[in-house]
Amino acid sequence: MKYSISASSTSKQNAALHIKQSEIAFGTIAGSSDTLPNPAELFLGSLAACILKNVERFSDFMNFEYTSAEIKISATRLEKPPRIDEINYELIINSQDKSINLNLLKKNIENFGTIFNTVLTSCTINGKIKIVS
């Protein structure tokens, strides 16, 4: 499987990713730092999307039902060289299903997520999963 996207920017303005039929604006100028995601936040957003996609995927394989899922991700950035060093996530799954095997779900998310595995080669990822009724 191969992936492709495009992106564009204009001098002294912000930029956008062009993915399929979507356009995602992101900040490249100082004036947008409070309103648009920066590249590091888009990177974390990609990891969040990977994990949430796998919750849906594994709900079928593991035969559990959920009403919604939410993920919170934080990261630590090193200065020299500038890079993400550690990522922490908390995945909250809203479900009445008492049969969800959280250890297996976490293992599956962390073993079969394309973005998760790619990021894991360059930094530490720590995560928790909680079920909320």
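About the criteria used
Residues numbered from 1 in each chain as written. Predicted model: local features only at pLDDT ≥ 70, side-chain atom pairs only at ≥ 80, totals over all residues. Heavy atoms only, no water. Helix = DSSP H or I, 4+ residues; strand = E, 2+ residues; numbered from the N terminus. Buried < 20%, exposed > 50% of the residue type's maximum accessible area, 1.4 Å probe, protein only. Contact = heavy atoms within 4.5 Å. Areas by Shrake-Rupley, 256 points an atom, 1.4 Å probe, with all protein chains shown as cover. Lys, Arg positive; Asp, Glu negative; His and termini not counted. Charge placed at Lys NZ, Arg CZ, Asp CG, Glu CD.

Things to note about the overall build of the protein
Okay, so step 1: When helices and strands are counted, the protein shows three helices and six strands.
Okay, so step 2: Taken along its principal axes, the extent of the C-alpha atoms in the protein is 55 × 35 × 30 Å.
Okay, so step 3: Counting the 133 residues in the protein, one finds 28% classified as buried.
Okay, so step 4: Sequence separation of 24 or more characterises 49% of the internal contacts of the protein that already satisfy a separation of 6 or more.
Okay, so step 5: Total accessible area on the protein is roughly 9000 Å²; 52% of this is exposed by carbon and sulfur atoms.
Okay, so step 6: Computed over 14 positive and 13 negative side-chain charges, the inter-centroid distance for the protein is 6 Å.

Remarks on the side chain of N108
Okay, so step 1: In this fold, N108 is placed in helix α2 (residues 102-112).
Okay, so step 2: Residue classification places N108 among the buried positions, given a relative accessible area of 12%.
Okay, so step 3: The residues contacting N108, other than those within four sequence positions of it, are F58, M62 and G113.

Treat this as a map of the structure, not an account of what it does.
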